[in-house]
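Below are the chains, spelled out letter by letter.
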Amino acid sequence: MRNRIVRGVAGTFILISLALAIYVNINWLWFTAFVGVNLLQSSLTKWCLLEDILKKLGVPDSDKKCC
């Protein structure tokens, strides 16, 4: 579940920052780049701040099915 939330938040941030770059200011693309670099860093180090926050909030690790 946490993994799905992290991907959803990252995708939402990218889409919002792209819309802001088109309609407000091109410099919002720096935020898009930041999200991309954070995703790359997470894939290399296996550490993600949002995942740690979700863990402390009690969000389960995966979609475990009973039985």
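Cut-offs applied
- Residues numbered from 1 in each chain as written.
- Predicted model: local features only at pLDDT ≥ 70, side-chain atom pairs only at ≥ 80, totals over all residues.
- Heavy atoms only, no water.
- Helix = DSSP H or I, 4+ residues; strand = E, 2+ residues; numbered from the N terminus.
- Buried < 20%, exposed > 50% of the residue type's maximum accessible area, 1.4 Å probe, protein only.
- Contact = heavy atoms within 4.5 Å.
- Expected span 1.5 Å × (residues − 1).
- Salt bridge = Lys/Arg side-chain N within 4 Å of Asp/Glu carboxyl O.
- Polar contact = N/O pair within 3.5 Å; in protein donor to acceptor, adjacent residues only side chain to side chain.

Section: the environment of Val35
Part 1 of the argument: If you trace the backbone, Val35 turns up in helix H2 (residues 29-45).
Part 2 of the argument: Given the relative accessible area of 6%, Val35 is considered buried.
Part 3 of the argument: Distance from Val35 to Lys46, taken between C-alpha atoms, is 15 Å for residues 11 residues apart in sequence.
Part 4 of the argument: Apart from residues lying up to four places away in sequence, Val35 is in contact with Ala10, Phe13 and Ile14.

Description of H2
Part 1 of the argument: For H2, with 17 residues, the first-to-last C-alpha span of 24 Å sits near the 24 Å given by 1.5 Å per residue.
Part 2 of the argument: Two residues or fewer past H2, Lys46 is found with a positive phi of approximately 60 degrees.

Regarding the pattern of salt bridges
Part 1 of the argument: Applying the stated rule across the entire model yields one salt bridge.
Part 2 of the argument: Residue Asp61 pairs with Arg2 through a salt bridge whose shortest N-O separation is 3.9 Å. Of the two residues, Asp61 sits in the segment after helix H3 (49-56) while Arg2 sits in helix H1 (residues 2-23), which places them 59 residues apart along the sequence.
Part 3 of the argument: Among the residues examined, Arg2 registers a relative accessible area of 9% and is labelled buried.

What about the side chain of Ser17?
Part 1 of the argument: Within the fold, Ser17 resides in helix H1.
Part 2 of the argument: Ser17 sits in the buried class, given a relative accessible area of 1%.
Part 3 of the argument: At 2.5 Å, the side chain of Ser17 forms a polar contact with the side chain of Thr32.
Part 4 of the argument: For Ser17, the contacting residues outside a window of four places in its chain are Trp28, Phe31 and Thr32.

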